[in-house]
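# Per-entry structural report
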Amino acid sequence: MRYRIIDRTRKRTLVGVLMTITLTLAAVGGAAAQHGGTDHLTGTGEFGTIDFVSKLTVNPVEPGAISDVAALGNFAYLGRWNTAACAGPEGGTLDGGVYVVDISNPARPRQVGFIPAHQDTIVSEGVQALHIDTPKFNGDILVLNNEGCGKNYKAGISIWNITNPLKPFKLSENLGDFTRGVQDVMNTPHDANQVHSAFAWDAGNKAYVVIVDDEEAKDVDILDITNPRKPVLISELDLNQFNIAQPEIGLGTLTSFLHDMVVKQIDGHFLMLLSYWDGGYVILNVDDPAHPIFVGDTDFTNPDPELLFQTGRSLTPEGNGHYAEWTADNARFVTTDEDFDAFRTTPLTRATGPGAPKTYTTVPVGGAPVTLLADKRLNGPVAYGGYGCPGTSTPIPLADSIFPPGSLEPGEEQIIVLQRGPVGDPDNTEPACFPGEKADNATDQGWDAVLFVARHLGSAALDDPPFCGFGAFPDDEQIVATCTTHAALHELFNRALNFDLPYPDDDPNDVEPDIGEVGFEIDITSIFDGWGYIHLYDASTFAELDTFAIPQAMDPAFAIGFGVLSVHEIAAHPTDSSRFYSSYYAGGFRAFKIKEHGCGSDGAPCIVQVGGYLDPLGNDFWGVEMWRHPATGQLYILASDRDSGLWIFQDTNP
């Protein structure tokens, strides 16, 4: 679906004024205990229409431990996802689960319980509390997603009875889609596929939950939970069959998959709003969840409108459709594009070898951008280092043993190539690990930069996506890292292409390079394109009406050393269609108003920031949720800080 978006020239000076007055534009150093020494944008607390009410630091907690937040009745629920495997080389001892917090007195929230997940299992985006009333169950339930983070993990979704939040009990656990996935083969036929998020709804005599299946192309899975003790999979859908993805995304890299979704009853119909990453935002009619009907989808405006507006740079949009909600009147929906890297890399160029020059697509993995290098260019010959995980039988070699000092040309780096995994490799049976763990091991061996490559996926027909995982990079050092395709691995070392699963035992055809082997030369640069930001769409026409990013997110001066300045989630006001709130990672908590008559001469609706909160030591907000006090009727906004716990706010002018 295509719509011509008219480029509007207008000024939003109110945004800049608020930010200039209220925020201290400085990074916090090692003294910021709240964030374990990580640099963060800092502020002066509350500003605009937002009042800080209270904060609860949960116990136990570790840096980065907290994920999403949900609320029902007098209780809030905070996800925890900081297992040792997830935390990477910086430590981490906590398994996943959910903190239970009594918020009946918003000024004094109290931690009253903890609901554990399975060992080595984390809870992230899919924390939801709701009431369902069906012939099989009448009460309050807590729906949780389960992601793997260690060899003992169990995936799927779990449902808990929280009718008495002080005595929750399990209704079903680690259930979902049991078909084998194509992305990974870690699960057995008796283990449900990994789930990144979940959203449940009561449809009268029936109740359902939609989940993100991380392991299949059919990643929209809907389960009947009319009896929450026995969830039943009733439909699976790959939205790419509707040709929703547009080609003008990033620099040729297109990854279209489900990340999150909400369901709302509008004009008598149950509609599902799905965030489908580079595929944009999609609406399905789920009156019959066993047979969803495609309604329509958005496209990202080309060139990127917010980057053009704030910087004058004209680049293709990056995509990254992460989360969305309808406004109170259902006339529009607000979306967030999550982006952990303020730079995009140019396609990797193999500068030498057969057929050179040849380019390969790249995607971020959470490491530092190439612009961290003095010449803002990553180039030179590469060497192969295997998988690079802790405990491997084939450790990464010392950089100076492969490229002795003085052996490279001026401006070239010592570059190690590490493969995603291991998974399905009979010669390497150790557990897989995060790219940050691999990169940390590489820098310990003296390497300047890491080029990650995707692993075998069983078939070249999968289009060989450049996917190497994400995250767990150490906080105390910047490591230049990016990810490219599996085909690049073979061609960088002059090997025949191979995508087999399981991997060839003992590699009889020598399709994999040897540890320490030197390959061809590469060349790659970075382009600043800002952090992820907010979009406003018309719910009937799917036309984009406006965008918003905090000024620092579009300023290269804040690209490194100030934390992640991407928006994450939003919460729409339940009755005021002009109001919504967002968690903005290190950018803090933000409050917005949709100005109906526009901010410029075009008269179109636009987004104006009206308040927020950013702590003097910085914040790292993940989740945001509107909550109405059952006794007083007062509205509050709950936010989850990844490093501490629950923060509660009120809007003084809703």
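Residues numbered from 1 in each chain as written. Predicted model: local features only at pLDDT ≥ 70, side-chain atom pairs only at ≥ 80, totals over all residues. Heavy atoms only, no water.

## Things to note about the overall build of the protein
As a reminder, the rule being used: Runs of H or I in DSSP of at least four residues are treated as helices and runs of E of at least two as strands, each being numbered from the N terminus. A 1.4 Å probe rolled over the protein chains alone gives each residue an accessible area, and that area as a share of the maximum for its type sets the label: buried under 20%, exposed over 50%, partly exposed in between. Residue contacts follow a heavy-atom distance rule, with two residues in contact if any of their heavy atoms lie within 4.5 Å. With residues, only the protein chains shown are counted as cover, and all accessible areas are computed by Shrake-Rupley using a 1.4 Å probe.
From N to C terminus, the protein includes six helices and 42 strands. Looking at the protein as a whole, 60% of its 654 residues qualify as buried. Summarising the internal contacts of the protein: among those between residues at least 6 apart in sequence, 64% fall at separations of at least 24. When the accessible surface of the protein is split by element, carbon and sulfur atoms take 52% of a total near 23700 Å².

## A word on helix α5 (residues 435-444)
Since the α-helix advances by 3.6 residues per turn, residues separated by three or four positions end up pointing in the same direction. α5 sits mainly inside the fold: seven of its ten residues count as buried. Inspection of α5 places Pro435, Gly436, Glu437, Lys438, Ala439, Asp440 and Ala442 among the buried residues, and these make up the whole buried set. Count one or two residues on from α5 and you reach glycine 446, which has phi positive near 95°.

## What to know about the sheet that holds strand β37 (residues 579-583)
For clarity, the threshold we go by: Paired strands, in this sense, are two strands between which DSSP finds at least two bridges. For every element, the axis is a line fit to its C-alpha atoms; helices are fit only across the contacting stretch, and the angle between N-to-C directions ranges from 0 to 180 degrees.
Spatially, β3-β39-β38-β37-β36 is the arrangement adopted by the five strands of the open sheet, whose pairing is antiparallel. In the strand order of this sheet, the two ends are held by β3 (45-48) and β36 (569-572), each with one partner. Between one strand axis and the next, the sheet turns through 25° on average, direction left out of account. Inspection of the sheet shows β3 paired to strand β39 (residues 606-614) by four bridges, in the antiparallel sense. Paired with phenylalanine 47 across the two strands is glycine 612, which belongs to β39.

## A look at unusual backbone geometry
The phi torsion of most residues other than glycine is negative, and most of the peptide bonds are trans. With omega at 0°, the peptide bond leading from alanine 356 into proline 357 counts as cis. Mapped onto the secondary structure, proline 357 falls in the loop between β26 (348-350) and β27 (358-360). In the segment running from glycine 421 into proline 422, the intervening peptide bond is cis, with an omega of 5°. Take proline 422: it is sitting in the loop between β30 (415-419) and α5.

## Things to note about the state of the cysteines
Stated formally: We call a pair of cysteine sulfur atoms a disulfide when they lie within 2.5 Å.
Within this structure, the stated rule accounts for two disulfides. The disulfide partner of cysteine 389 is cysteine 433, and the gap between their sulfur atoms is 2.1 Å. Measuring the twist about the S-S bond at about -95°, one finds the cysteine 389-cysteine 433 disulfide to be left-handed. With cysteine 389 in the loop between β29 (377-384) and α4 (399-402) and cysteine 433 in the loop between β30 and α5, this pair connects stretches of sequence that are 44 residues apart. Pair check on accessibility: cysteine 389 and cysteine 433 agree, each one buried. Paired through a disulfide, cysteine 468 and cysteine 483 show a sulfur-sulfur distance of 2.0 Å. Across the S-S bond of cysteine 468 and cysteine 483 the torsion is about 70°, and the bridge reads as right-handed. Of this pair, cysteine 468 sits in the loop between β31 (449-453) and β32 (480-484) while cysteine 483 is found in strand β32, placing the two residues 15 residues apart along the sequence. Residue cysteine 468 shares its accessibility class with cysteine 483, and that shared class is buried.

## A few points about the sheet that holds strand β19 (residues 260-266)
Reading across the sheet, the four strands line up as β19-β20-β21-β22 and stay open at both edges, with antiparallel pairing between neighbours. Every interior strand has two partners, whereas the edge strands, β19 and β22 (293-297), have only one. In this sheet, adjacent strand axes meet at a mean angle of 25° when their direction is disregarded. Here strand β20 (residues 269-275) runs beside strand β21 (residues 281-285); their pairing, made up of five bridges, is antiparallel. The partner of methionine 272 across the bridge, within β21, is leucine 284.

## Digging into the side chain of arginine 80
The following threshold applies: Note that His is not counted, nor are the chain ends; the positive residues are Lys and Arg, and the negative ones are Asp and Glu. For this analysis, a salt bridge means a side-chain nitrogen from Lys or Arg found within 4 Å of a carboxyl oxygen belonging to Asp or Glu. Any N or O atom pair separated by 3.5 Å or less is treated as a polar contact, with the protein-specific requirement of one donor-capable and one acceptor-capable atom, and with residues adjacent in sequence counted only for side-chain atom pairs.
Checked against the element boundaries, arginine 80 lands in strand β6 (residues 75-80). An unpaired buried charge is present at arginine 80: no salt bridge exists, and aspartate 95, the closest side chain of opposite charge, is 6.8 Å distant. A polar atom in the side chain of arginine 80 sits 3.1 Å from the side chain of tyrosine 99. Sequence-distant contacts of arginine 80, defined by excluding residues within four places in its chain, comprise Pro60, Ala65, Ser67, Leu94, Asp95, Gly96, Gly97, Tyr99, Phe114, Ile122 and Val123.

## Let's talk about the pattern of salt bridges
Summed over the entire model, instances satisfying the criterion amount to eleven salt bridges. A salt bridge links aspartate 191 to lysine 154; the shortest N-O distance between them is 2.9 Å. Of this pair, aspartate 191 sits in the loop between β14 (169-175) and β15 (195-202) while lysine 154 sits in the loop between β12 (147-148) and β13 (157-161), and the two are 37 residues apart along the sequence. Taking relative accessible area as the criterion, aspartate 191 reaches 16% and is therefore assigned buried. Note on lysine 154: relative accessible area 29%, which makes it partly exposed. Arginine 642 is the partner of aspartate 620 in a salt bridge, and the nearest nitrogen-oxygen pair spans 3.5 Å. Here aspartate 620 is found in the loop between β39 and β40 (621-628), whereas its partner arginine 642 is found in the loop between β41 (635-641) and β42 (645-651), with 22 residues between them in sequence. Taking the relative accessible area as the measure of exposure, arginine 642 reaches 17% and is therefore buried.

## Things to note about the packing of aromatic side chains
Operational definition: Stacked, edge-to-face and tilted labels apply to pairs of Phe, Tyr and Trp rings (six-membered ring for Trp) whose centres lie within 6.5 Å, assigned for plane angles under 30 degrees, over 60, and everything in between, in that order. In our convention, an over-ring charge means Lys NZ or Arg CZ found within 6 Å of a ring centre and within 35 degrees of that ring's normal.
Summed over the entire model, instances satisfying the criterion amount to 26 aromatic pairs. Pairing tryptophan 201 with tyrosine 208 gives two aromatic rings, centres 5.5 Å apart and planes at 35°, and the pair type is tilted. According to the relative accessible area criterion, tyrosine 208 is buried, its value standing at 9%. The cationic tip of arginine 590 hangs over the ring face of tyrosine 584; the distance from NZ or CZ to the ring centre is 5.8 Å.

## A short note on the environment of lysine 218
Here lysine 218 lies in the loop between β16 (207-213) and β17 (220-224). Through-space distance from the C-alpha of lysine 218 to that of phenylalanine 257 is 9.1 Å; in sequence the pair is 39 residues apart. Ignoring sequence-local partners within four residues, the contact set of lysine 218 consists of Asp213, Glu236, Leu237 and Asp238.

## Here's the deal with the pairing of β20
Taking burial as the measure, the seven residues of β20 include six buried ones, the bulk of the element. Bridge analysis of β19 against β20 gives seven bridges, and the strand direction is antiparallel. Along β20, the bridge assignment pairs lysine 264 with leucine 271. Between β19 and β20, which pair antiparallel in sequence order, lie two residues; one of them, aspartate 267, sits at a positive phi of approximately 50°. As consecutive antiparallel partners, β20 and β21 are separated by five residues, and within that stretch tryptophan 277 has a phi angle of approximately 50°, a positive value.

## Re the confidence of the model for the protein
Keep this limit in mind: One confidence number per residue, pLDDT, is output by the predictor and ranges from 0 to 100.
Averaged over the protein, the pLDDT score is 88; the fraction of residues at 70 or greater is 89%. Confidence over residues 1-37 falls short of pLDDT 50; this stretch has 98 contacts with residues more than four positions distant or in other chains.

## A closer look at the pairing of β36
On β36, burial covers both faces: Glu569 and Ala571 on one face and Ile570 and Ala572 on the other are all buried. Two elements, β36 and β37, share four bridges in a ladder whose sense is antiparallel. The partner of isoleucine 570 across the bridge, within β37, is serine 582. If you look at the hairpin formed by β36 and β37, you'll find six residues sitting between the two strands.

## Focus: the environment of alanine 374
Position of alanine 374 relative to the elements: it lies in the loop between β28 (362-363) and β29. A residue is classified by how much of its surface remains accessible, and alanine 374, at 85% relative accessible area, is exposed. Distance from alanine 374 to glycine 411, taken between C-alpha atoms, is 8.3 Å for residues 37 residues apart in sequence.

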